[in-house]
Amino acid sequence: MDRIVIVGAGLAGLRTVEELRARGYPGEITLIGAEQRPPYDRPPLSKKVLTGDLDETSLRADLAALRAGFRPGELVTGLELGDGSGGVVRTDGTEYRWDGLVIATGATPVLLPGDGRQRVLRTLDDALELRALLKPGLRLTVAGAGWIGAELATAAAGLGADVTVLDLAATPLAAAVGPEVGAHTAAWYAAAGVDLRLNQGVEAVRPGGVALAGGGWLDADEVVTAVGVRPAVSWLDGSGIALERGVATDEHLRASAPGVYAVGDCASFVSRRYGRRLRFEHWDVALHAPEVAAANLLGGGEVYDPVPYFWSEQFGRMLQYAGYHGGADQLVWRGDPAGAAWSVGWLAAGKLVALLATGRPRDLVQSRRVIASGAPVDAARLADPAVPIRDVAGR
Ligand code: FAD
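Only a predicted model underlies this, so the values are computations on that prediction, with no experimental measurement involved.

### A closer look at the environment of proline 388
Structurally, the position occupied by proline 388 is in the segment after helix H10 (379-382). Beyond its immediate sequence surroundings of up to four residues, proline 388 is in contact with Arg334 and Gln366.

Structure (structure tokens):
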């Protein structure tokens, strides 16, 4: 293998370059990114960039030292697979031959119907434009009380904007952590002066505001749509690469054609640990999956099987989530969810499969190990916040 092309110059794309070189790959690397900027970090975009505490979030990659040909501002439009192996990726103006391909195109925000302007929060430019608008008295409507909606509401309310958050679900974070857990975050909005309207869909975003599902109108100077993302894989339509809510890979992050791998937000991989195909929009996945893809591109047989990790900073709290709770059959609270610090664990057949820690970072660290071990846990001891999580397993 001597010509590797990586499509998508976000964290996962950059990490793939780094991992290929760290493993001694001597050949050509081309990193193609639709954005004009070198790779940068996204988590601060909805936090310190919005509040003005940070102006840029560059990942400070020395692509020249990594001997990577960087092609910013080029949108890849199609993929052609060769006979047997290798192929070509096409951009608007040119094409690149490859014998190894890594797909790292991330995800793009979903929009709502309507002819009004909808802002999103995905790129540094999105964040900088938004922050210029966040002034006292701005009537801001945020569609979606998920992770991004909550972080944006935190920053905007802190800057004096008049914030309304709408969500179709009965609680915030319903899709992410389920309504029973998400319900305990609703009070945080009111305490921050944010008007949270649940069970409230959006019919359409219109100039000057939002037409509400079920009738009604909400005036807004700006509307930000934060209702989730879709993997950015439309450029693969018709290419022969199998797609299943993202690029379908096996547990080695191998896509359906030889020499093709996928990493980060766009990859839907088979998890041995959870016995199903999973796709995460987690920074930690974009950081580590490239280790496995790079090793396997170079002939390895490594398996990607993380205990996934995600964090969010909202309403003055640090939330950290480890694992995956699909398939859980029991919820165990650790501490009072009305208080400042608490955790909640999800069990499946007596084993800890996921944990959300609010202001309890030690719970998070220890739970990752317990989840990884797959050992049964004592639910009564897990429910006692005074018992370290490392001591609830294996009894
Ligand atoms: P991306 O970062 O999306 O990079 C993909 C790149 O590919 C993009 O630059 C895109 O322009 C480019 N691209 C797409 N299509 C093409 C194409 N056809 N041709 C060429 N280039 C293309 N995670 C956490 O764990 N904690 C957090 O607190 C957190 N906060 C976040 C806040 C925000 C505002 C956002 C947007 C995300 C946040 N995340 C967080 C998620 C995390 O940032 C992502 O999981 C991570 O960025 C995924 O990296 P990636 O490289 O897979 O994709």
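### Considering the pattern of salt bridges
By the definition in use, this model includes 26 salt bridges. Arginine 360 is paired through a salt bridge with aspartate 363; the nearest N and O atoms lie 2.7 Å apart. Relative accessible area serves as the criterion here: at 19%, arginine 360 is assigned to the buried category. Counted as one network, the salt bridges with shared partners bring together Arg15, Glu18, Glu19, Arg23 and Glu291.

### As for the site of the ligand
Close contacts around the ligand come from 33 residues, with Glu35, Arg42, Lys47, Arg122 and Asp265 the closest. Separating an oxygen atom of the ligand from a side-chain N or O atom of glutamate 35 is a distance of 2.7 Å. Within the backbone of valine 76, a nitrogen or oxygen atom sits 2.8 Å from a nitrogen atom of the ligand. Protein chains shield 94% of the accessible area of the ligand, which is 1000 Å² for the free molecule. Residue assignment for the shell around the ligand shows that the elements contributing at least two residues are helix H1 (11-22), helix H8 (283-297) and strand E21 (309-314). A per-class count over the shell around the ligand returns 18 nonpolar, eight polar and seven charged.

### Here we look at the sheet that holds strand E17 (residues 247-248)
Pairing within the open sheet is mixed, and its three strands lie in the order E17-E19-E20. Edge strands, defined here as strands with exactly one partner in the open sheet, are E17 and strand E20 (276-278).

### Focus: the side chain of threonine 30
With respect to the secondary-structure elements, threonine 30 resides in strand E2 (residues 28-33). Looking at threonine 30, the relative accessible area reads 7%, which means it is buried.

### Describing the domain arrangement of the protein
Note: interface size is frequently given as the accessible area lost on complex formation between the parts. Entries for the protein in the domain assignment read domain 1 (3-108 + 229-297), domain 2 (111-225) and domain 3 (316-391). Look at where the C-alpha atoms of domain 1 and domain 2 centre, and you get two points 30 Å apart. Residue-level contacts link 17 residues of domain 1 with 15 residues of domain 2. Both faces considered, domain 1 and domain 2 share a buried interface measuring about 1400 Å² in area, 57% of it formed by carbon and sulfur atoms. If you sort the residues of domain 1 by the area they bury against domain 2, Arg37, Ser46 and Leu50 come out on top, with a joint share of 40%.

### Points about the side chain of glutamine 320
Mapped onto the elements, glutamine 320 comes out in strand E22 (residues 317-323). Looking at glutamine 320, its side chain comes within polar contact range of the side chain of tyrosine 309, at 3.1 Å. The contact partners of glutamine 320, leaving out residues within four places of it in the chain, are Tyr309, Phe310, Trp311, Leu355, Leu356, Ala357, Pro361 and Leu364.

### Some remarks on the environment of arginine 390
Among the structural elements, arginine 390 can be located in the segment after H10. If sequence neighbours within four positions are ignored, arginine 390 has contacts with Gln366 and Val370.

### What to know about the nonpolar core
With 92 residues, the main nonpolar core has Ile6, Leu140, Val163, Val165, Leu253, Trp346 and Leu356 as its most contacted residues. The element that contributes the greatest number of residues to this core is H8, accounting for eight residues. Non-local contacts of leucine 253, meaning those with residues more than four positions away in its chain, are made with Val260, Tyr261, Ala262, Val263, Phe269, Ala289, Val292, Ala293 and Tyr304. Formed by 21 residues, the second largest nonpolar core is a distinct cluster that contains Leu79, Trp98, Ile103 and Val247.

### Considering the sheet that holds strand E1 (residues 3-7)
In a beta sheet, neighbouring strands pair by backbone hydrogen bonds and run either parallel or antiparallel. Here we have five strands laid out as an open sheet, ordered E3-E2-E1-E7-E18, and parallel in their pairing. Across the chains shown, the open sheet's two edge strands, defined by having one partner strand only, are strand E3 (68-72) and strand E18 (260-262). Sheet twist, expressed as the mean angle between neighbouring strand axes with direction ignored, is 15 degrees. Relative to E2, E1 runs parallel, the two sharing five bridges. Residue pairing in the sheet places isoleucine 4 in a bridge with isoleucine 29 of E2.

The rules behind these values
- Residues numbered from 1 in each chain as written.
- Predicted model: local features only at pLDDT ≥ 70, side-chain atom pairs only at ≥ 80, totals over all residues.
- Heavy atoms only, no water.
- Helix = DSSP H or I, 4+ residues; strand = E, 2+ residues; numbered from the N terminus.
- Contact = heavy atoms within 4.5 Å.
- Salt bridge = Lys/Arg side-chain N within 4 Å of Asp/Glu carboxyl O.
- Buried < 20%, exposed > 50% of the residue type's maximum accessible area, 1.4 Å probe, protein only.
- Near = heavy atom within 4 Å.
- Polar contact = N/O pair within 3.5 Å; in protein donor to acceptor, adjacent residues only side chain to side chain.
- Areas by Shrake-Rupley, 256 points an atom, 1.4 Å probe, with all protein chains shown as cover.
- Nonpolar A, V, L, I, M, F, W, Y, C, P; charged D, E, K, R; others polar.
- Pairing = 2+ DSSP bridges.
- Domains from an automatic or database assignment.
- Buried area = accessible area lost by both parts, 1.4 Å probe.
- Core = buried A, V, L, I, M, F, W, Y, C linked by side-chain atoms within 4.5 Å.
- Axes fitted to C-alpha atoms, helices over the stretch in contact; angles between N-to-C directions.

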